[in-house]
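Geometric and topological summary
Listed below, chain by chain, are the residues.
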Amino acid sequence: MSSIGRRAHRQLGDSKYLPVPASAGSLFPAASFKGKPLDYARKRVRIRHNISAPLGVVLLLPLVLIVLVIRFVQVPSNTSLLPSRTRLPDIRAMNETIDAPFVVGCQVPDTSRPRANAVMVILARNKELDGVIDSIKSVERHFNRWFHYPYLFLNDVEFNSTFRETVLNYTESKVEFGVIDKDLWDFPSWADPDEVKESIALQGDAAIMYGGMESYHHMCRFYSGQFYKHPMLAKYDWYWRVEPDVKYFCDITYDPFLYMEEKGKVYGFTIIIKELVDTVPNLFRYASGFRRSRNITSQGMWEVFLENDEKEKESAPKTSSVDDQFRIPEPEKIDPEAMNGEKYNLCHFWSNFEIAKLDFFRSKEYNEFFDLLDRSGGFWNERWGDAPVHSLAAGIFLAPSQVHYFRDIGYRHTTIQHCPGNAPRKQLPRTPYIRDAMSKKDLEEDRYWDHWDVDRENGVGCRCRCDTDITDVEGKDGTCLPSWVDAVGGWTSD
């Protein structure tokens, strides 16, 4: 017997206390105790000099803790690890005749091809530096570390030295900083300053989202019809808009600009949702009036932004009686929000992410459209956003085949996200994203992406790991995705 055992034996003697066994393997040797096992489990052991507990409790406690850890601690998963606790429902497949993902799943990035004439554009203020850095790290980790497209930062004032120097630490790509001239940023000279201030103040009083912020009105007008006129953008053919505080969930292992060029695409989006009705009460009237005044025939995109009441009418029960032939018809109800029999469904491409051909915005037709909207005063009398403006313009001028849904790009801004799900059997091992002088926090952050989500049927993403605190916009009630899907051929699975 060891010295510890002898000392414990002397202390306990023949009392009711037993020493804690040294190992589980020696607990129940044959004929090691007399009586029933339950009696043995009830015997008390001393834990401290004044604390004791039944032996059974002491033995079971570690097992209970292990079960609790397994049950409540979720381990991030990928195809080589344990699956997530809750498997999400399968993703619906859509017709891919008109528009299909450029790449399904992962591929080895082809960096040998010449780059497109493209730029990443970020409109930001000096005080948004933290959000800008988060966005750059996300873009670089999931895409630009392979393709090295340049960045253009724009502000209506000069960027300070802290902003410039910090940004340069997070990318190896070329970076330019530009100031927006007043003639591009401010409201037009012919606008009545008193009317502008009063209208914006009234929107603030009415609690219209961002309606009381003059700077927000400037930003919306700038992105609607001015940004592509900035001289530092003149040399580029394509742009990818990046906002502060955005997050990408999937690796983009191909060059979207080159695919847009090759497939004849003009505009690309990843989220389509509804606008707040009180921000655009009259925008659709002007857009619809512009289209009709120029006899522009829809190529299939305009219908994406229209309410479709015909299906409801067709599905309504139809009854008839002899009296119906003598009944005087009721006068047709006039919808005050409709324009020429058409009503805006409030759908729009969420333009804080968009990849687009700049010639679309530079075209004579688009600028005539913007000028009409600008002359209406809606960018200050109402709170027109650039997202519905870009979307309605796409509806007027483009065909569905010229628009691309980046379904494979997982993306989040504020509380809205799209998560494509990982493509089955099309995932590849991930190479860590390592920069010079990375902090311990940055290294830990990168290791997070080593464990991506499980594959999902009809998933198209590459190594996606999506946030779980909010629902994918594709699965939310009221999403506008069905309007887009109808335009490109419909769903092909339930």
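Refer to the structure printed above.
Residues numbered from 1 in each chain as written. Predicted model: local features only at pLDDT ≥ 70, side-chain atom pairs only at ≥ 80, totals over all residues. Heavy atoms only, no water.

1. Quick word on the nonpolar core
One recurring pattern in soluble globular proteins is that nonpolar side chains are buried together. For clarity, the threshold we go by: In plain words, nonpolar cores are sets of buried Ala, Val, Leu, Ile, Met, Phe, Trp, Tyr and Cys residues tied together by side-chain atoms within 4.5 Å. Using a 1.4 Å probe on the protein chains alone, a residue whose accessible area is under 20% of its type maximum counts as buried, one over 50% counts as exposed, and one in between counts as partly exposed. A run of DSSP states H or I qualifies as a helix once it reaches four residues; a run of E qualifies as a strand once it reaches two. Both are numbered from the N-terminal end.
In terms of nonpolar packing, the biggest core is built from 66 residues, with Phe-227, Phe-349, Tyr-366, Phe-369 and Trp-484 touching the most fellow members. The dominant element in this core, judged by the number of residues it contributes, is helix α15 (residues 386-397), at six residues. Counting 45 residues, the second largest nonpolar core, distinct from the first, contains Val-103, Val-132, Phe-177 and Ile-252.

2. Regarding the packing of aromatic side chains
What counts, and what does not: Working definition: rings of Phe, Tyr and Trp (its six-membered ring) pair if their centres are within 6.5 Å, and the pair is stacked with planes under 30 degrees apart, edge-to-face with planes over 60 apart, and tilted otherwise. Either the NZ atom of lysine or the CZ atom of arginine qualifies as a charge over a ring when it sits within 6 Å of the ring centre and within 35 degrees of the ring normal.
Applying the stated criterion across every chain yields a total of 52 aromatic pairs. Cation over ring: Arg-241 sits above Tyr-223, and NZ or CZ is 3.5 Å from the ring centre. The ring of Tyr-448 has Arg-465 sitting right over it, with the charged end atom 3.5 Å from the ring centre.

3. Quick look at the environment of Val-473
Selection rule: Residues are treated as being in contact if the distance between any of their heavy atoms lies within 4.5 Å.
The topology assignment puts Val-473 in the loop between α16 (440-447) and α17 (481-487). Judged by relative accessible area, which is 8%, Val-473 ranks as buried. Between the C-alpha atoms of Val-473 and Cys-419, which are 54 residues apart in sequence, the distance is 8.0 Å. Each residue touching Val-473, except ones within four places of it in the same chain, is listed here: Ile-271, Ile-273, Ile-416, Gln-417, His-418 and Thr-479.

4. With respect to the sheet that holds strand β6 (residues 175-179)
What counts is decided by this rule: Strands are treated as partners if at least two bridges between them are detected by DSSP. Helix axes use the C-alpha atoms of the stretch in contact, all axes being lines fitted to C-alpha atoms, and the angles between their N-to-C directions lie in the range 0 to 180 degrees.
Spatial ordering of the open sheet is given by β6-β5-β4-β7-β12-β9-β13, a layout of seven strands whose pairing is mixed. Strands with a single pairing partner mark the edges of an open sheet, and in this sheet they are β6 and β13 (403-405). On average, each strand axis in the sheet is inclined to that of its neighbour by 20°, with strand direction left out of account. Helix-sheet contacts for helix α4 (residues 129-147) involve β4 (118-123), β5 (151-155) and β7 (238-242), and the interaxial angle to β5 is about 160°.

5. A few points about the side chain of Glu-382
Worth spelling out the cut-off: Residues scored as positive are Lys and Arg, those scored as negative are Asp and Glu, and His as well as the terminal groups of each chain are ignored. The term salt bridge refers to a pairing of a side-chain nitrogen on Lys or Arg with a carboxyl oxygen on Asp or Glu at a separation within 4 Å. Each polar contact in these results corresponds to two N or O atoms within 3.5 Å; when the atoms are within protein, one needs to be able to donate a hydrogen and the other to accept it, and residues that are neighboring in sequence are counted only if both atoms are side-chain atoms.
Turning to its location among the elements, Glu-382 is positioned in the loop between α14 (378-381) and α15. This buried residue, Glu-382, is left without a salt bridge; Arg-285 holds the nearest opposite charge, at 7.6 Å. Of the polar contacts made by the side chain of Glu-382, one reaches the side chain of Asn-282; its length is 2.6 Å. Once residues within four sequence positions are removed from consideration, Glu-382 is found in contact with Gln-203, His-217, Thr-279, Val-280, Pro-281, Asn-282, Leu-283 and Gly-377.

6. Brief notes about the side chain of Arg-435
By secondary structure assignment, the location of Arg-435 is in the loop between β15 (416-418) and α16. At 3.5 Å, the side chain of Arg-435 forms a polar contact with the side chain of Asp-442. In contact with Arg-435, not counting residues within four places along its chain, are Asn-169, Tyr-170 and Asp-442.

7. Digging into the state of the cysteines
Heads up, the condition is: What counts as a disulfide here is a pair of cysteine sulfur atoms lying within 2.5 Å.
Evaluated as defined, the whole model comprises four disulfides. Residue pairing for Cys-106: its cysteine sulfur links by disulfide to Cys-462, the two sulfurs lying 2.0 Å apart. Here Cys-106 and Cys-462 share a disulfide; its torsion about the S-S bond, 100°, makes the bridge right-handed. Residue Cys-106 is found in the loop between α3 (55-72) and β4, and its partner Cys-462 is found in the loop between α16 and α17; the two are separated by 356 residues along the sequence. An identical accessibility class is assigned to Cys-106 and Cys-462; each is buried. There is a disulfide in this structure between Cys-250 and Cys-464, and the S-S distance comes to 2.0 Å. Around the S-S axis, the bridge from Cys-250 to Cys-464 shows a dihedral of about 110° and counts as right-handed. On the criterion of sequence distance, the pair formed by Cys-250 in the loop between β8 (246-248) and α9 (256-262) and Cys-464 in the loop between α16 and α17 is long-range, its members being 214 residues apart. Across the pair, Cys-464 and Cys-250 agree in class, each one buried. Taken in sequence order, the bonded cysteines of the protein link in the pattern 1-5, 2-6, 3-8, 4-7.

8. Description of the sheet that holds β8
Spatially, the three strands line up as an open sheet ordered β8-β14-β15, and their pairing is antiparallel. This sheet does not close on itself; its edge strands, each paired only once, are β8 and β15. Averaged over all pairs of adjacent strands, the angle between their axes in this sheet comes to 10°, without regard to strand direction. Alignment of strand β14 (residues 411-413) against β15, held across three bridges, turns out to be antiparallel. If you follow His-413 over to β15, its bridge partner there is Ile-416.

9. Notes on α15
To be explicit about the condition: How far a helix is expected to stretch is found by multiplying one less than its residue total by 1.5 Å.
Across its twelve residues, α15 extends 16 Å between first and last C-alpha, which sits within 8% of the 16 Å expected from 1.5 Å per residue. Across the twelve residues of α15, twelve count as buried, placing the element largely inside the fold. Turning to α15, its buried residues number three or more, namely Asp-386, Ala-387, Pro-388, Val-389, His-390, Ser-391, Leu-392, Ala-393, Ala-394, Gly-395, Ile-396 and Phe-397.

10. With respect to the pairing of β4
For clarity, the cut-off: The crossover handedness rule: strands pointing away from the viewer, path from first strand over the helix to second strand clockwise, crossover right-handed.
For β4, a buried count of six out of six residues is recorded, marking the element as mostly surrounded by other parts of the structure. Every second residue of β4 is oriented toward a common face, with Ala-118, Met-120 and Ile-122 on one face and Val-119, Val-121 and Leu-123 on the other, all of them buried. In terms of strand pairing, β4 meets β7 through five bridges, oriented parallel. Across the sheet, residue Ile-122 finds its bridge partner in β7, namely Val-242. In this structure, β4 lies alongside β5, joined through four bridges in parallel fashion. By the bridge assignment, Met-120 is partnered in β5 with Tyr-151. Regarding topology, α4 serves as the crossover connection from β4 to the parallel β5, and that connection is right-handed.

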